[in-house]
Amino acid sequence: MQKSLEVVLSPLLLPLVDLTGKTVVVIDILRATSTICAALNNGAKSLKPVVSTEEALSYNKNEYCIAGERNGEKAPGFDFGNSPREYSRELIGGKKIVLTTTNGTKCIHASLDADEVLIGSFFNLDAIITYLRNSSNDAVLFCSGWKDRVNLEDTLFAGYVAEGLRETHHWDSDEVEISLNLYNKASIDPISFLRNASHAKRFERLGNTQDLEVCLEFNAHPIVVKYADGELVGI
Ligand code: 3SL
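Here the structure is a predicted model, which is why all the values come from computation and not from measurement.

J.: Kindly report on the site of the ligand, identifying the contributing residues and their values.
T.: Taken together, 13 residues surround the ligand, and among them Asp 28, Arg 31, Thr 101, Asn 103 and Gly 104 come closest. In the model, an oxygen atom of the ligand is placed 2.7 Å from a nitrogen or oxygen of the Asn 82 side chain. In the complex, 100% of the free accessible area of the ligand, which totals 290 Å², lies under the protein chains.

J.: I'd love a proper account of the packing of aromatic side chains, names of residues and values included.
T.: Taken as a whole and judged by the stated rule, the model has 7 aromatic pairs. Judged by centre distance (4.8 Å) and plane angle (45°), the ring pair of Phe 122 and Phe 218 falls under tilted. Taken together, the positions of Phe 122 in the loop between strand E7 (116–120) and helix H5 (125–134) and Phe 218 in the loop between helix H10 (211–215) and strand E10 (225–228) put the pair 96 residues apart, joining distant regions of the chain. You can call Phe 218 partly exposed: its relative accessible area is 32%. Among the aromatic residues, ring-to-ring pairing joins Phe 122, Phe 157, Tyr 160, Tyr 183 and Phe 218 into one connected group.

J.: Go over the pattern of salt bridges, please, and point to the residues and values.
T.: For the structure shown, the criterion picks out 8 salt bridges. For Glu 6, the salt bridge is made with Lys 22, and the minimal N-O distance between the two is 3.0 Å. Note that Glu 6 is positioned in strand E1 (residues 3–8) and Lys 22 in the loop between E1 and strand E2 (23–27), a separation of 16 residues in sequence. Linking Lys 226 and Glu 116 is a salt bridge whose minimum nitrogen-to-oxygen distance equals 2.9 Å. In this pair, Lys 226 is assigned in strand E10 and Glu 116 in strand E7, connecting sequence segments 110 residues apart. Residue Lys 226 is classed as partly exposed on the basis of its relative accessible area of 22%. According to the relative accessible area criterion, Glu 116 is buried, its value standing at 9%. Shared partners join several salt bridges into a network, and the residues in it are Arg 31, Arg 85 and Asp 211.

About the cut-offs
- Residues numbered from 1 in each chain as written.
- Predicted model: local features only at pLDDT ≥ 70, side-chain atom pairs only at ≥ 80, totals over all residues.
- Heavy atoms only, no water.
- Near = heavy atom within 4 Å.
- Polar contact = N/O pair within 3.5 Å; in protein donor to acceptor, adjacent residues only side chain to side chain.
- Areas by Shrake-Rupley, 256 points an atom, 1.4 Å probe, with all protein chains shown as cover.
- Phe/Tyr/Trp six-rings, centres within 6.5 Å; stacked < 30°, edge-to-face > 60°.
- Helix = DSSP H or I, 4+ residues; strand = E, 2+ residues; numbered from the N terminus.
- Buried < 20%, exposed > 50% of the residue type's maximum accessible area, 1.4 Å probe, protein only.
- Salt bridge = Lys/Arg side-chain N within 4 Å of Asp/Glu carboxyl O.

Structure (structure tokens):
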């Protein structure tokens, strides 16, 4: 039997969706969910998403790497920022990480009424599609956006996933159609398309010339990441 698919375009719209029994995929392409996939695929021992910088800093620095950003920049007193480029196997292999980000880690916590919470990025696109095809749960693709606003990159990723679920899922949802329309428009050259995204412009202002292209490396970290007992783990 076909399962249902929904897309949530902004955290403000999440309360409209009943998450009970469903699998939620949290999406924050630039950059939280990309960083999480890179860190776990590169051998981080565990990754604990937390909501505030204060909570992150309350963890013992001898035991955890404290990581994350506010407004795109490494937060004061943190060991790592939020670029997947920082999370190489050499630097984070075997380490325990606490991560807090402006939007992504909040959205993970907002999803915890669901049966399962997964992490989606272009790094694990095909792994996510395969997992959702084989799952018996209905699926919700939850776009983190930026401070409650809709963004292009998360919506585009939702379109890629929806396109991959045409045979196993059904929908009656303009949000899914919006994401598919974006996919149809942008998938010829997603990097050029996303240069107009507000977050790409934010990167430019911060002198970050690499992360847009890095986060668009399809299937570079083909790992399914799931939230379990307060931590994100690869399954
Ligand atoms: O908002 C977030 O969760 C971050 O991914 C934003 S940033 O790319 O690190 O600026």
